[in-house]
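Okay, here's what each chain looks like letter by letter:
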Amino acid sequence: MRVPLSWLAAYVPLTLEPEELAHRLTMAGIETEFDPGPAGGWSKVVVGHVLAVDPHPNADRLRLATVDTGAGIARVVCGAPNLAPGQRIAFALVGARLTSGKTGEPMELTAAVIRGVESAGMVCSAKELGLGDDHGGILVLPEDAPVGTALADYLGNGALETEVTANRGDCLSVLGIAHEVAAFTGGAVDEPSIAYREGGERVEDAARVTVEDASLCSRYTATVIRGVQVGPSPDWLVKRLEDAGQRSINNVVDVTNYVMLEYGQPLHAFDLAQVGEQHIVVRPARPGESFRALDGEEHELRPPMLVIADPSRAIGLAGVIGGGNSEVTDATTDILLESATFNAINTRRTAQALHIRTEASMRFERGTSPDLAERAVRRATALIVEAAGGTPSRGILDVYPGRAETPAISLSAERMHRVLGTSFPQAQVVGVLRALGFTVEETGPDSLTAVPPYWRTDVAIPEDLVEEVARTIGYDHVPADPLAGRVPERVFQPELAVREEVRDLLVGSGMQEAIFHSLTNRADLDRVGAVDIDGLEPLRIAHPLSREQEYLRTSLRPGLLRAAAAALRQPPGSATLFEVGRVYLPREGSLPQERELAVGVVAGERRDGLWEVGAEPLGFFDAKGVVELVLERLGLAGDFERAEDPVLHPGRTAAIVVKGNRVGTVGEVHPQTAAAFELPVGAALFELDLGLLTGALPEVRFRFAPLSRFPSASRDLALVVDEATPAGALSAALEEHPLVERAVLFDRFSGKGLPAGRCSLAFRLELRSAEGTLSAEAINDAMAALVKRLADRFGAALRA
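Overview of the structure. (Residues numbered from 1 in each chain as written. Predicted model: local features only at pLDDT ≥ 70, side-chain atom pairs only at ≥ 80, totals over all residues. Heavy atoms only, no water.)

1. Points about the nonpolar core
- Core analysis: the largest hydrophobic core is formed by 52 residues, its most contacted members being Leu8, Val259 and Ile384.
- Within the residue set of this core, elements represented by two or more residues are helix H1 (5–8), helix H2 (18–27), helix H4 (174–185), helix H6 (235–243), helix H7 (251–263), strand S23 (334–342) and helix H10 (370–388).
- Among the elements that line this core, the one with the most residues is H10, at eight residues. (Core = buried A, V, L, I, M, F, W, Y, C linked by side-chain atoms within 4.5 Å. Buried < 20%, exposed > 50% of the residue type's maximum accessible area, 1.4 Å probe, protein only. Helix = DSSP H or I, 4+ residues; strand = E, 2+ residues; numbered from the N terminus.)

Next up, the structure:
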C-alpha cells in the first residue's frame with residue numbers, strides 16, 4: 001500500500017526522517033520503502049505569487065510574468081494560456097531539475113534569453129514537475145499556498161510503500177500505519193471525526209437489511225443519504241487519492257475509497273432508486289446465478305459466493321465488487337451506503353474463482369474487524385455530506401448476528417521469558433501495549449491482561465502479545481543468549497542416511513538427479529501399470545489445481561520416463577536421470593503406505609570421448625552396472641534373477657535380490673511403454689526400495705585384509721551349460737574355491753557347434769595363494785576341481 005507522508009502526518013507527528021521511519025517499520029515487521037516521489041528533484045522549486053502578466057515585446061504568444069518568489073521578484077517568459085495575475089504557482093529557480101515538457105526527459109533549468117528577453121526561472125506545468133501528463137497550462141496552486149515555501153514541503157508527495165503480511169490487514173490503512181508509528185515514536189494518533197448532523201427520517205423507514213448466513217457476513221451496517229449531488233470531488237480529496245495511487249471518479253465513490261484507505265474498511269455506495277423495495281438481502285448466490293460487475297464483465301455465480309441483493313436480483317458481489325445495475329451515476333440523488341464484515345476465506349475463494357482482484361477483496365481476504373464497520377460508515381457519511389451535500393437518515397442500520405466480545409489476554413513475565421528468552425520491565429511492556437492501542441490492566445507485579453484495539457484482528461493468544469512487545473521495542477534489543485539446558489542428542493535415522501548416500505552414489509556414477517511433484521495424472525500412472533494397487537485406486541486430491549496434478553503418485557517411473565524423452569531431444573542425445581522420492585500406495589480404510597524409492601533411467605547414446613566413432617546405445621548393462629556400484633558401496637552382495645515386470649521387456653528383466661529378499665528391479669523398458677513415452681527401444685530402468693536396502697545393511701560393511709605378497713595367475717575357463725543356467729550362479733560357485741579371487745564372465749556363445757538348448761559361458765579366473773607362488777601343478781589341480789564341481793552342480797562340461 002502507498003501511504004502519503006502528508007496524509008500520515010495529519011494523524012500522527014512524524015518526528016523521524018522518512019528513510020528512518022521506513023527502516024523502523026520494516027524492523028517492526030511491516031516491510032516498507034520510502035519513495036520520495038517527484039519531490040526528490042524539487043530542491044529549487046518554490047511556491048510563487050504572480051504579481052503581473054504583461055505582453056512579450058517580441059512575440060505574440062509569449063508573455064512576461066512578474067513573480068514574487070518569497071526571496072525576491074523574478075521576471076520570466078511564459079507561454080501558458082492559463083497564466084493570470086494573483087495566482088499561486090510552482091516556480092522553478094535556476095538549477096532546478098525538472099522534466100522536459102517536450103521530450104519527457106530530465107533536464108536542469110538554466111537562465112536563457114527568449115526572443116530578446118532574459119528569463120531566469122520557470123512557471124511550471126504538472127508534466128514538468130512529474131505530477132502528470134498535462135503540459136497545456138501551468139499548475140495553479142490553492143490561494144492559501146504560502147509564498148516562498150518549498151514546493152516539496154507544501155505538497156509533501158513523498159510516500160511510504162508497504163508490503164503487508166496476510167495477518168496484518170489493519171496496516172492496509174493510513175490509520176493502521178499511524179498507530180504503528182505512534183508506538184515507536186511516542187506520539188499520539190489523532191483520529192478523524194465521525195460526527196455529522198442527522199436528518200429527521202429514521203433510517204429504518206428508509207431501508208431494510210436481511211442477513212441470511214451469519215457465518216458469511218458477521219456484521220452489516222448501512223445508512224441512507226438523500227439529496228446528494230454527484231459530481232467532481234473537492235481538490236483536497238482528489239489530491240489525497242492521487243497521492244495514494246488512486247484515481248478520482250466522483251465525490252461519492254471517492255469518499256468510499258478515501259475511507260477504505262483511511263480505516264482499511266471497504267465500503268460501497270448503491271443508488272437507492274435501483275435497490276428493489278429499498279431492501280438489502282445478504283445471501284449466498286444461487287447456482288448458475290448471473291451477475292454483471294462494475295467492470296462490465298458477466299459472471300456466473302455459485303454458492304457459497306456471497307452476494308448483496310434486493311428481493312429480485314444480485315446488485316453486488318460481497319467483499320469483491322459492486323454491480324453495474326446499482327452503481328452511483330450523475331443522475332443519482334439518494335444513496336444507500338454499506339459498510340460490512342464478510343468472511344475472509346469465502347471472499348478469497350470467490351475472488352480467485354472469478355479472477356477478480358480489487359482493493360476491497362485484498363482487505364477482506366486478510367480479515368477486517370467488525371468494530372470498523374460502524375466507524376467507517378459514519379466517517380464516510382460525514383465526508384459525503386461535506387463533498388456532495390445531502391441529508392443523512394437518523395441512526396444506522398446495524399445487523400450484527402456474529403457479535404462476540406473481545407476477550408482479555410493474560411501475559412506474565414515468566415511466559416514472556418519462556419517464549420522470547422528474555423523479559424522486559426512490566427512498565428515498559430505496559431507502555432508499549434498501550435501505545436499500540438491495547439487496553440491494559442496490571443493484575444500483579446509481573447502479570448497483566450490486555451484487550452486488543454478495535455482495529456486489530458490478529459492478536460488472540462499470549463504469544464501474540466510477546467511478539468507485539470518484541471517487534472515494537474526492536475528485535476535488536478533482545479539479547480542473543482545461547483540455548484539453556486542440554487542440547488538433545490542427534491537421533492540417527494538409518495533410512496535417511498541411506499537415501500542421501502544412494503543419491504551421492506548415483507550422482508557419482510554420472511547420473512543427473514531429477515525432482516518431480518508428488519502429484520501426477522491418472523493417464524501416466526496407467527501407462528506404467530500403477531493404477532490398480534492391490535485392487536485399490538490411487539488417492540485423488542479433493543480439489544486438484546489441474547488434471548496434471550490430480551493423484552498422489554504410486555510410482556516414480558512416469559516422471560522419469562517423460563523427462564528422459566525430453567532430454568533425448570536436446571544435445572548430446574543421451575539421458576541418465578534418477579529420482580529419489582516417495583510413492584503413496586493406497587490402503588483400505590487407512591492412510592497410504594509411503595515407500596522411499598530410487599529410480600533411474602538410461603537411454604540414448606553412450607559418448608565416452610571426443611572421437612564420436614561407433615557410439616553405442618545405453619541399455620540394460622549400463623543400468624545394471626549402476627545398481628552393482630550402489631550395492632557394492634553399501635557393502636551388499638546382490639544377485640540378479642530372472643523376473644517379470646509389466647513396464648519392462650520380458651526376458652530382459654531381473655529382480656535385484658539381497659539376502660534372499662527382492663529389493664528392486666532392473667530391466668529394459670518394454671517397447672510399448674517406450675513408445676507411449678516416446679523413448680527409443682533399448683532404454684533401461686532400475687528401481688531400488690531404500691527401506692528394504694536399509695534393513696539389509698550389514699553391521700560391518702567392509703573387512704580389510706592384507707595384500708598378498710605372492711603373484712596371481714590367470715586362467716580362462718569355457719563351459720557348456722543349459723541356456724537357462726544363470727551366469728551369476730556359475731560365477732559364485734567358481735569363487736567358492738579358496739584359490740579363486742575373482743571370476744569374471746567375458747563371453748557367451750550359442751549356435752553352430754553346440755547342441756540345441758546349450759550355450760558356452762567363458763570366465764576369466766584370477767587365482768592366488770596366501771602361502772606362496774602357485775605352481776602349474778597346483779593351478780591344474782584347482783581347475784580340474786572346479787570343472788568337476790560345476791559338472792556335478794550344473795551339468796557343465798568343458799567346451800572342446
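2. Looking at the sheet that holds strand S39 (residues 713–722)
- Reading across from one edge, S40-S41-S39-S42 is the order of the four strands in this open sheet, with antiparallel pairing throughout. Both outer strands of the open sheet, strand S40 (740–749) and strand S42 (797–798), are each paired with one neighbouring strand and no more.
- Across eight bridges, the pairing between S40 and strand S41 (residues 758–767) is antiparallel. Paired with Val744 across the two strands is Arg764, which belongs to S41.
- Across the sheet, helix H21 (residues 776–794) touches S39, S40, S41 and S42, and the angle it forms with S39 is around 20°. (Pairing = 2+ DSSP bridges. Contact = heavy atoms within 4.5 Å. Axes fitted to C-alpha atoms, helices over the stretch in contact; angles between N-to-C directions.)

3. A look at the pairing of strand S16 (residues 268–271)
- Side chains His268 and Phe270 project from S16 onto one buried face, and the interleaved Ala269 and Asp271 project onto a second face that is buried too.
- Note: S16 against S23, four bridges, orientation antiparallel. If you follow His268 over to S23, its bridge partner there is Glu338.

4. Some words on the side chain of Asp170
- Tracing the sequence through the fold places Asp170 in the loop between strand S13 (159–163) and H4.
- With residues up to four places along the chain from it excluded, the contact list for Asp170 reads Gly176, Trp455, Arg456 and Asp458.

5. Describing the packing of H2 against H4
- For the pair H2 and H4, interaxial distance at closest approach is 11 Å and the crossing angle is 95°. As judged from the angle between their axes, H2 and H4 are roughly perpendicular. Each of Leu21, Arg24 and Leu25 in H2 lies in contact with H4, whose residues at this interface are Ile177, Glu180, Val181 and Phe184.
- Residue classes in the contact of H2 with H4 are distributed as five nonpolar, no polar and two charged. (Parallel < 35°, antiparallel > 145°, perpendicular 65-115°, else oblique. Nonpolar A, V, L, I, M, F, W, Y, C, P; charged D, E, K, R; others polar.)

6. Overview of the sheet that holds strand S17 (residues 279–284)
- Ordered by their spatial adjacency, five strands build an open sheet running S14-S17-S20-S21-S22, and the pairing between neighbours is mixed. Every interior strand has two partners, whereas the edge strands, strand S14 (208–211) and strand S22 (321–322), have only one.
- One ladder, built from four bridges, connects S14 with S17; its direction is parallel. Paired with Arg208 across the two strands is His279, which belongs to S17.

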